[in-house]
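Structural description and commentary
If you want the building blocks of each chain, they are given just below.
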Amino acid sequence: MSTGKINVQTENIFPIIKKFLYSDHEIFLRELVSNAVDASQKLRTLASANEFKGETGELEVTVTINKEAKTLTISDRGVGMTAEEIDRYINQIAFSGAEEFVTKYKDKMDSGAIIGHFGLGFYSAFMVAAKVEIVTRSFREEGEKAVRWECDGSPEFTLSETTRADRGTDIILHINEESEEFLETARIENLLQKYCKFLPVSIKFEDKIINNTRPAWTKKPAELTEDDYNAFYKELYPFSENPLFHIHLNVDYPFSLTGILYFPKLKKNIEVQKNKIQLYCNQVFVTDSVEGIVPDFLTLLHGVIDSPDIPLNVSRSYLQSDTNVKKISSHITKKVADRLEELYKESRTDFESKWDDIGVFIKYGMLSDEKFYDRGQKFCLLKNIDGQYFNLEEYRNKVQPLQTDKNNKLVYLYTSNPEDQHGFVTAAKNKGYDVLIMEGPLDAHFLNALESKLENTSFVRVDADTVDKLILKEENTTSVLTDEEVENLKSFAQLNVPKEQYTVVLENLSPDDAPVTITRPEFMRRMKEMSSVGGGYDFMGGMSEQFNVVVNTNHPLMSKILNETDEQIKTFKMKQAIDLARLSQNLLKGEELTQFIQKAVSTL
Ligand code: ADP
Ligand code: MG
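About the thresholds
- Residues numbered from 1 in each chain as written.
- Chains lettered and ligands numbered in written order.
- Predicted model: local features only at pLDDT ≥ 70, side-chain atom pairs only at ≥ 80, totals over all residues.
- Heavy atoms only, no water.
- Pairing = 2+ DSSP bridges.
- Helix = DSSP H or I, 4+ residues; strand = E, 2+ residues; numbered from the N terminus.
- Axes fitted to C-alpha atoms, helices over the stretch in contact; angles between N-to-C directions.
- Contact = heavy atoms within 4.5 Å.
- Core = buried A, V, L, I, M, F, W, Y, C linked by side-chain atoms within 4.5 Å.
- Buried < 20%, exposed > 50% of the residue type's maximum accessible area, 1.4 Å probe, protein only.
- Domains from an automatic or database assignment.
- Salt bridge = Lys/Arg side-chain N within 4 Å of Asp/Glu carboxyl O.
- Patch = residues over 30% accessible without salt bridge, like charges linked within 9 Å, V, L, I, M, F, W, Y side chains within 5 Å.
- Areas by Shrake-Rupley, 256 points an atom, 1.4 Å probe, with all protein chains shown as cover.

1. Points about the sheet that holds strand β17 (residues 435-437)
Strands sit in the order β17-β16-β18 across an open sheet of 3 strands; the sheet is parallel. The open sheet has two edge strands, β17 and β18 (457-461), and neither has a second partner. Neighbouring strand axes in the sheet, compared pairwise and without regard to direction, differ in orientation by 40° on average. Examined bridge by bridge, strand β16 (residues 410-415) and β18 share 5 bridges and lie parallel to one another. Pairing of tyrosine 414 across the sheet is with arginine 461, part of β18. Of the strands in this sheet, β16, β17 and β18 touch helix α12 (residues 392-399), which is tilted by about 105° from β16.

Right under this line is the structure:
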């Protein structure tokens, strides 16, 4: 047996790094500015460890375009490099000086102070440059001795002595032909705004500082007022309305993560508000697509997450299985639930006033995440038609005595559209029942979920059947009509409705109830609704909707109809009564509607 070392040939690996390491060419700027920031931060660390005794002065990083020379230069006044260090950190690909530095000084600095650690960032310069020059002078060098390193993207480089007035580094990119966009002021300004807006060292471009070196999430909550949080929100999303509330995240074990999440005012169109969380790594912008890092329902939140523990140069599918990412994701879920519970306990009134905005989010979370469901059931609210709010337990107690059906099941009445179902809502309220409003985009799913979780409870839409039938334990009152009359009435009513869609049902309701009502069987309706959003009920899709025509045998009109001897008037009365019920449900259309109106006018 023999062992050996795999030998990587630079000739082979160079083109791979250049082409495939980063799919987006523009990130070279992020990498080079980050290196310049790292070099400046290292000098700060060394100064505070007393290993650097000179003046640190202003540690700005400057980005300069020279259109004639076709160069883009990134300059810093950080630690610089000696010839030996260039050999070590630059000539050896994937040897990270950042990593080495952090290991050496880990007791003397914040773990997050240095950005680099893969040792590959520098080479991203070759994605846009035909030639790269480094002119650098280490803080260790006496006099003006500096070094110049040059490489045209082949594995050969040259290293020579030169002079430089001050310590620090210039990275000079000779932009290649395909990448001339990076010589445009506007393009570079945009990129700096995107990636470098919150870097911890000032970045100067065109004589302007473009960044905020101490963004809110890096401060302690005690240092910040509500106005500061709102101001930072506007910094992230100019021109938006103030958010509802925020959550300041700060974890250092078992992973390190900081950030501020905001709860936005939700608009009707949820989709456009999704995916606005920005992900940073030590204050460097990485991406604004956090899919896979936080659960889907949390992508409705806005704000910033900063963590050096999220592996950045890997595919999304890998991310989802990464253990750190999983921990981060469940931590954030927990924090969000904690904050919501806290708000709920702090001020119920305030929580209720925000419910219309946060309700959708909470329901989304409860539907998609078991753990969140468990937390959410403590502060999830139901809103009734009178605008009152109840938590799940309160609501159970409210309807408990009255709203039970024959099988002793609790019946939660709801409306999915208070306008269209106004008649039914009124009928239910007149009987002393409570009606919930379930008109949100997720409510149909949410009530299905609640039904399966809550014990012995069913949700029934107000127009599913006549209220009495839904709720009363005992059979209704008896009919004033004889059995024979009931039969006659039924077959007569049947003649006056379109048969494919309407089934006539006779009920002995109170004389004060409507003579005719149209109801929609709950089960059939839900199946149909679900088939329209997919989910395996597609066989229902082709079916036309089914309705019940409920005829109230105890309404005086029905005796009148039965006793009417003139066949024409008899038919007219029955048909008008049924059509009126259909009209109130918006079910009378086209020719039928025209005929109805003509007939009604003729009786005036
Ligand atoms: P990483 O930043 O992940 O360590 P890079 O490829 O970006 O990897 O950089 C390699 C190393 O080169 C750095 O760790 C650092 O030691 C050195 N270096 C790069 N740019 C500079 C700079 N502007 N000033 C001082 N050292 C630098
Ligand atoms: Mg780097």
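From this point on, the discussion continues.
2. Notes on the nonpolar core
Ranked by internal contacts, the top residues of the largest apolar core, which has 59 residues, are Leu340, Phe351, Phe361 and Ile362. There are two domains that each give this core at least three residues, and those are domain 2 (216-345) and domain 3 (381-470). Setting aside chain neighbours within four positions, we find phenylalanine 361 in contact with Phe263, Leu266, Phe297, Leu298, Leu300, Leu301, Val336, Leu340 and Phe372. In this structure, Ile86, Ile188, Ile210 and Tyr233 belong to the second largest nonpolar core, which totals 57 residues.

3. Observations concerning the pattern of salt bridges
Counting across every chain of the model gives 32 salt bridges. As a salt-bridge pair, arginine 348 and glutamate 394 come within 2.8 Å of each other at their nearest N and O atoms. Note that arginine 348 is positioned in helix α10 (residues 348-368) and glutamate 394 in helix α12, a separation of 46 residues in sequence. Glutamate 394 gets classed as partly exposed once you look at its relative accessible area, which sits at 31%. Through salt bridges with shared partners, one network takes in Lys334, Asp338, Glu341, Lys345, Arg375 and Lys378.

4. Here's the deal with a nonpolar patch on the surface
Together, Ile597, Val601 and Leu604 give the surface a local cluster of nonpolar side chains, amounting to about 350 Å² of exposed area. Residue leucine 604 is classed as exposed on the basis of its relative accessible area, which comes to 87%.

5. Some words on the pairing of strand β21 (residues 547-552)
Here β21 lies mainly inside the structure; 6 of its 6 residues are buried. Relative to β21, strand β20 (residues 516-519) is paired through 4 bridges, and the arrangement is antiparallel. Looking at the pairing, threonine 517 lines up with valine 550 of β21.

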